[in-house]
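# Coordinates in review
So the chains spell out like this:
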Amino acid sequence: MIGLRIQIDPLPLVEPMVVRLRDCASSELTEHDAILIDRQGNRLEYDFNGFSLVVHSDQPEGLDCDVVMAVPGQTSAHRLIRATSPHNTFLVTEQCDQLCVMCSQPPKKHHADLFAQFATAAILAPERSVIGISGGEPLLHKEKLFQMLENVARLRPDVTFHVLSNGQHFEKDDVKRLIDIGTDKILWGIPLYSTDPETHDRIVGKDGAFRSLERGLGILMQAGASVELRTVVLQQNRDHLGALADFVFTRLSFINVWALMQLERIGYGRMNWTTSFLDTSSDFEPISTAINGTVARGISVALYNFPLCSVPKEYRQYAPSTISDWKRKYLGFCARCDARSACGGFFEWYSHDQGFSGLGPL
Amino acid sequence: MTVMPLKFRKLPVGDLLFADDAGGFFQADQEFLHRYALGDLTDVDITFLEANGHAFHELGDLSYAGFEYRFASRLYTPGDLDYVILVPTLRCDLACGYCQVSRVNENTPGFDWTDETLKAVIRFLDGLTTKMIKVEFQGGEPLLRLDVLQEVRDFCRTRFDKCEFVVCTNLQDPSDDAWEFLEHDDVFVSTSFDADPGTHEAQRTITAAKTQQFLGNFRRALERLGTDKVSALPTINPHNPPPARSIIDHYASLNLRSIYLRPINHQGFARKKYDARGSASTWNAYYSAFIDHLVDYNWIAEQTVEEYYFVHCLRRVLRSGHNGHADLRNPSIVGSGYVVIDHDGKFYPTDEARMISRVGQFDLAMGDVFTGISRSKIDELNQEASNNFHPDCVHCPYQPFCGIDLIDDLSRYGRIDLPKHLTDFCQKHTGIFDKIFSMIYSSDPKVRKSLAIWSGVPNFDGSIGKRLQ
Amino acid sequence: MSLNLTIPEKLQEYVPDAVVRFRYLNPGLDIVCDGSAVAMSVVPERAAELEQEFMFCVYRQKIYVETLPLRKTLLAGVTGL
């Protein structure tokens, strides 16, 4: 698995520090850059403003232009931005106001405010980076989040964000702010599981969630926001996908894409696997109907986290490779598969004996 | 619970088709109509209307906003002027019976751009704000002025970031230089191929020798330029049309899979020879049968075929924002997104406007390249160019998918205020939408297969056609 | 024959405008109305059809008038006018 943390020799820090690692000096250096001065096997020594920063790394792709965050007292730094990867996400909070049945990042009570550090990291990111913002629920800290987004939009207009949020904390006043940041700068990933408020609320573990979400989506529409509507397909909403397709068309035609997603077997998703996982490799019909009705009516649909062999041939065009590199694996029979390079594979924690029944090399 | 205004139309079997201004639709019976009109909706009615996007609870709620969005997306807003149709000559080496262009013979002087006209056109193009341009050369036969085409092309390539050139040619006798011109990546060919060699000869080339000459060039164009760069349109006489299957087979054999049927247009020269009255119902019958033939063809063909305009109308029914075709827009604002420059340097808002001005019926010129564009007359016309509140269209369930064509009305009837059902535009489009909806509500697997292909999905979801029980 | 239609009270205010439209859709048709009743001269074969068409005209007029404020609000929201 790809490492998201990196071992460092401890530093005398009083607060978290963001550093960009450079293999060599260049003309665009900032105060946040550390230059590699010595390398012995996995031990890399950097000059950071006159101080020594030692990193221990066995990552084959190297660390040039990576942005890391060292935290006081810790011997491993967070790799906030891996320069060679398209999948970089900032976990801005572990607090959440929902308790989703498939949550891959179960919430915690404590919040560590690192927005300033995240802003710095985004400003140091490679050109045209797409940075994920995730939690918990990032909008529980809306003001700080917006300030961060506004800062970065100003200083690095080429950087864009993909924010995962339950969409329930928007107010009318946010419309202007969203427009000023730039509607093409943020893609909002917002989940909706059913048009039946009770079912949606039950899946996300929060009463009133559906009604709040309706309001939030209305505000995003007003702001001309870019929205990726996300629906994890589960046993619990299998029979609701048709009504959901009609809802998406009649109320949410403004979205960029409707992503139908397979379940990730981690966190609560793993705990609730047997009562939630929908084996779409043998029961694809609700998905295909939703796709057919939605695409014909002019709205883009995508299948996220579906291995290509679990999808009927004529629907594979809707299944891009979506699983982040750091949590992706392939199975034994994938070695013989013609579609391996196009396929996103499986989650690292996928368990085949409890998973899809209809798989195999293409 | 507030219900959006619903328009309705009787179906052949007694039920009705309902639609709202955003293009949401459903079928229901006469009892529902009575309940709706008299304000006696049942809970079942309301649940259905709510789910299908026709109702809202509070002004500004998600249902309302979603409706507003779909409604707004159906309205056309013109962008920068980025599409020009240039007519450098009226001279042509053919004399097609239905030609509406008021052509002149190949050797007639005085119907070409002068050097001054060309310079003025280039000055005009230089003044545009767009970064991308599409230039369509028409005529007469534009290849007779290859020199003009080359100069315009060369200028545009240096002036604009992205260019697309379309040459509307009869492919009767292109020179070697003309072939070289057509082979460039940014040049596309649009030609006429009237269904089959026999019809083509009867309507266009007249002699067997000229027909063979055309066919040779046509095949050469398809081979050397490829079907992505060559489009061919069949012009059909509604009163004597070639068999649908003949058109489909001939086009498919040339790997041309998008057929855009063009009924002979009565304007210009065509009016003198062909009778325009009563053409719509004849055409509609032929057109409907043509679609049926396509459905049968596509059921077993390995490579399927479409009728271009039908697919465009189908997509306008199914989705908002499908405003790409100049002939089917609402509001139909002309003279903004594209403009025509005639052989004498005059500007016209559309090709039809040029032709009716030429036959002396109305003068819709918008100034000329020497003195500049003048939009005042066209602006007056544009003020009437929407169907939303027209006394007939406002009641029509096809209104959100349809458009309006004042210039076509002017050309045929000399006025723009006829009851719509008396106009060719309305009759033609009513026929097309009747056909589309009969297909959407059909459970015939052959129909569904073609609908799937034409709406861009692996399978057609029949539940798109909802029914209130 | 004379086709006589009694118009329910709920619909009466919409009849005059409906008649205007009905007349231009059916030129040459003799039709008179006086509030609660409408009479037109028709050939028997067309009586049922014309009655239905006329009532449709009245319904359409009612729907148009009642929903016009909503349409204006919608258009204002979209065009800013």
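Residues numbered from 1 in each chain as written. Chains lettered and ligands numbered in written order. Predicted model: local features only at pLDDT ≥ 70, side-chain atom pairs only at ≥ 80, totals over all residues. Heavy atoms only, no water.

In terms of helices and strands, chain A carries nine helices and 16 strands. In terms of C-alpha radius of gyration, chain A reaches 21 Å, essentially the compact-globule figure of 21 Å for 362 residues. Judged by the C-alpha coordinates and their principal axes, chain A covers about 60 × 55 × 35 Å. Split into buried and exposed, the 362 residues of chain A put 57% on the buried side. As displayed, chain A has an accessible area near 15500 Å², and 50% of this comes from carbon and sulfur atoms. If the 35 positive side-chain charges of chain A are averaged to one point and the 43 negative ones to another, these points end up 3 Å apart. (Helix = DSSP H or I, 4+ residues; strand = E, 2+ residues; numbered from the N terminus. Rg over C-alpha atoms; globule rule 2.2 N^0.38 Å. Buried < 20%, exposed > 50% of the residue type's maximum accessible area, 1.4 Å probe, protein only. Areas by Shrake-Rupley, 256 points an atom, 1.4 Å probe, with all protein chains shown as cover. Lys, Arg positive; Asp, Glu negative; His and termini not counted. Charge placed at Lys NZ, Arg CZ, Asp CG, Glu CD.)

Considering all chains together, one arrives at 38 aromatic pairs over all chains under this definition. Measuring from centroid to centroid gives 6.4 Å for A:Phe254 and B:Tyr69, while their planes differ by 70°, and the two rings are edge-to-face. One end of the pair, A:Phe254, is in the loop between α6 (241-251) and β13 (257-261); the other, B:Tyr69, is in helix α3 (residues 62-73), on a second chain. The exposure class assigned to A:Phe254 is buried, which follows from its relative accessible area of 8%. Since its relative accessible area comes to 33%, B:Tyr69 is described here as partly exposed. Among the aromatic side chains, those forming a connected cluster through ring pairs are B:Phe8, B:Phe18, B:Phe26, B:Phe32, B:Tyr36, B:Phe48 and C:Phe56. Seen from the ring of A:Tyr330, A:Arg340 lies directly overhead, with NZ or CZ sitting 3.8 Å from the centre. The residue whose ring lies beneath B:Arg329 is B:Tyr76, and the NZ or CZ to ring-centre distance is 4.0 Å. (Phe/Tyr/Trp six-rings, centres within 6.5 Å; stacked < 30°, edge-to-face > 60°. Lys NZ or Arg CZ within 6 Å of the ring centre and 35° of its normal.)

Our focus in this paragraph is the pattern of salt bridges. Scanning the model with the defined rule gives 46 salt bridges over all chains in all. Taking the shortest distance from any N to any O, the salt bridge between B:Asp417 and B:Arg415 comes out at 2.6 Å. In this structure, C:Glu66 engages C:Lys62 in a salt bridge whose closest nitrogen and oxygen atoms are separated by 3.1 Å. Of the two residues, C:Glu66 and C:Lys62 both sit in helix α3 (residues 47-79), four residues apart, roughly one turn of that helix. Take C:Lys62: its relative accessible area is 6%, and that puts it in the buried class. Several salt bridges converge on common partners, so that one network encompasses B:Arg91, B:Asp112, B:Arg145 and B:Asp147. (Salt bridge = Lys/Arg side-chain N within 4 Å of Asp/Glu carboxyl O.)

Residues and elements named next belong to chain B. On inspection of all chains with the given rule, the structure shows eight cavities of 30 Å³ or more. The space that makes up the largest cavity amounts to roughly 200 Å³. Lining the largest cavity are 17 residues, and of these Ala326, Ser332, Val334, Thr350 and Asp405 sit closest to its centre. For the lining of the largest cavity, the elements supplying multiple residues, two or more each, are α14 (376-382) and α15 (406-413). Looking at the lining of the largest cavity element by element, the count peaks at three residues for α15. For the lining of the largest cavity, the class distribution of residues is nine nonpolar, three polar and five charged. (1 Å grid on protein atoms, 1.4 Å probe; cavity = no way out; pocket = protein on both sides within 12 Å on 5 of 7 lines; lining within 4 Å. Points joined across faces, edges and corners; volume = space filled by probe spheres on them. Nonpolar A, V, L, I, M, F, W, Y, C, P; charged D, E, K, R; others polar.)

Now for the interface of chain C and chain B. Contacts between chain C and chain B engage 22 residues on the former and 33 residues on the latter. Of the roughly 2500 Å² buried between chain C and chain B on both sides combined, carbon and sulfur atoms contribute 68%. On the chain C side of the contact with chain B, C:Tyr59, C:Arg71 and C:Leu74 bury the most area, a combined 26% of that side's loss. The interface formed by chain C and chain B holds two salt bridges in total. In this structure, B:Asp392 engages C:Arg21 in a salt bridge whose closest nitrogen and oxygen atoms are separated by 2.9 Å. Summed over the shared surface of chain C and chain B, the number is ten residue pairs in polar contact (both at pLDDT 80 or more). Elements that contribute at least two residues to the side of chain C that touches chain B include exactly α1 (9-12), α2 (15-25) and α3 of chain C. It is α3(C) that provides the largest number of residues to the side of chain C that touches chain B, a total of 17 residues. (Contact = heavy atoms within 4.5 Å. Buried area = accessible area lost by both parts, 1.4 Å probe. Polar contact = N/O pair within 3.5 Å; in protein donor to acceptor, adjacent residues only side chain to side chain.)

The structure contains two pairs of chains in contact, of which chains B and C account for the largest number of contacts. Of all C-alpha pairs spanning chain A and chain C, none lies closer than 11 Å, and the two are not in contact.

Between chain A and chain B, the contact holds 23 residues from the first and 21 residues from the second. Summing both partners gives a buried area of about 1900 Å² for chain A against chain B, and 62% of it is carried by carbon and sulfur. Looking at the side of chain A facing chain B, the largest losses of area belong to A:Thr250, A:Arg251 and A:Ala296, adding up to 32% of the total buried there. Where chain A meets chain B, there are one salt bridge. One salt bridge connects A:Asp246 with B:Lys466, and the closest N-O pair in it is separated by 3.1 Å. Along the contact surface separating chain A from chain B lie nine residue pairs in polar contact (both at pLDDT 80 or more). If you list the elements that add at least two residues to the side of chain A that touches chain B, you get α5 (209-222), α6 and α9 (285-296) of chain A. Here the residues of the side of chain A that touches chain B are counted per class, giving ten nonpolar, eight polar and five charged.

Shape is all these values report; function is a separate question.
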